[in-house]
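Observations on the three-dimensional arrangement
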Amino acid sequence: MQKTALVPYAHLPRAHHDRHVLTSTIDVFGTVHWLLTDRAPQPGSDAFPFDALVVSVHPGGDVELTELSAVRARWPHLDRLPDGGFVVAAARTHEGIDQVQVFDALGRETSSFSVGDAVEHLLVDEAGHIWVGHFDENPAGIRRWSPTGHLYWTSDVASIPGLFDCYALNVSGTTAWACPYTDFQLVEIRPGRTDRPVKVWANRVRGAKAVAVQGKRVAFYGGYGEERDRLAHGEVTESSVEPTDVGLLTLPDGSLPDRRRVVGRGPRIYVQAQPFTAWGVFDLSS
């Protein structure tokens, strides 16, 4: 089976390797962010506010540090807003605690709200909208929020068939692409398009955890069991995605990752493997 190696993209500066990586992501402009704490959270303990450091590595290599005060999410999602602020969100809701915190560029909390339990993905677009995809313990599906907690769009109004778990979500520009369980169809969401804001194509690739889109070409990464490292290519036709090729996506050294994080942005799939200090990229457009 053909193997495709990730291209090294960004590394956490070695000066910060002594800290625990709570989470890491890549924003819509290609900047990498790590959310760091002095020590790992303890399973089973109650959440409490703590200070955290965001280390940002820009595409040109410049490093930026932002101290966040009184973070509440123990196992958080993270992304950056276009104005330089950050969104930190807990995957699960807790009674009496706002799930999402929004920080300004100086690390001060400016707003907080909840988006619903069982957050699988949280990605910010170029306009500052917060896209949230839920896993199957919350039937909300996919929703788009403002940084102040206003609900702008929900998949409930789109009648997307078989949307019970948002396995894969890709946000680029102001467009979202998804590949949801149970039917794993390819879904394009453009809320600003008045004629047809949601398009759906049938798809035979099951269980993908990330999707990349470039024109009529699509790539799906991940799957069930032995297909967890699968990279499946397809071509978008009028009504379906037709498979064209399948192989494996490896780390830059040719090995297969164990635990990993993935982020989809337009034609790119970014992968970060344990110990979560480096990101590699697969670019469908290259």
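The coordinates are above.
Residues numbered from 1 in each chain as written. Predicted model: local features only at pLDDT ≥ 70, side-chain atom pairs only at ≥ 80, totals over all residues. Heavy atoms only, no water.

1. A look at the environment of Gly222
Relative to the elements of secondary structure, Gly222 occurs in the loop between strand E20 (217-221) and strand E21 (230-236). Spatially, the C-alpha atom of Gly222 lies 20 Å from that of Tyr9, the residues being 213 residues apart in sequence. (Helix = DSSP H or I, 4+ residues; strand = E, 2+ residues; numbered from the N terminus.)

2. As for the side chain of Arg80
Relative to the helices and strands, Arg80 is located in strand E7 (residues 76-80). In terms of polar contacts, Arg80 uses its side chain to reach the side chain of Glu64, at 2.8 Å. Reaching out from Arg80, the side chain makes a polar contact with the backbone oxygen of Gly84 at a distance of 3.1 Å. Beyond its immediate chain neighbours, meaning those up to four positions away, Arg80 contacts Asp27, His33, Ser56, His58, Glu64, Thr66, Gly85, Phe86 and Val124. (Polar contact = N/O pair within 3.5 Å; in protein donor to acceptor, adjacent residues only side chain to side chain. Contact = heavy atoms within 4.5 Å.)

3. A look at the pattern of salt bridges
Applying the stated criterion across every chain, the model contains 13 salt bridges. A salt bridge links Arg193 to Glu188, with the nearest nitrogen and oxygen atoms 3.2 Å apart. The residues Arg193 and Glu188 share a single accessibility class, namely buried. Between Asp229 and Arg260 there is a salt bridge, with its nearest N and O atoms 2.9 Å apart. One end of the pair, Asp229, is in the loop between E20 and E21; the other, Arg260, is in strand E23 (residues 260-265), with 31 residues separating them in the sequence. A single salt-bridge network, built from bridges that share partners, covers Arg92, Asp117 and Glu137. (Salt bridge = Lys/Arg side-chain N within 4 Å of Asp/Glu carboxyl O. Buried < 20%, exposed > 50% of the residue type's maximum accessible area, 1.4 Å probe, protein only.)

4. Considering the nonpolar core
If you look at the biggest cluster of nonpolar residues, it comprises 29 residues, and the most contacted ones within it are Trp34, Trp131, Ile142, Leu169, Ile189 and Trp279. Contributing elements (two or more residues each) for this core: strand E3 (20-26), strand E4 (32-37), strand E5 (50-57), strand E15 (163-172), strand E16 (175-182), strand E17 (186-189) and strand E25 (278-283). Excluding residues that lie within four positions of it along the chain, Leu169 makes contacts with His121, Leu123, Trp131, Gly133, Ala176, Trp177, Ala178 and Gly264. (Core = buried A, V, L, I, M, F, W, Y, C linked by side-chain atoms within 4.5 Å.)

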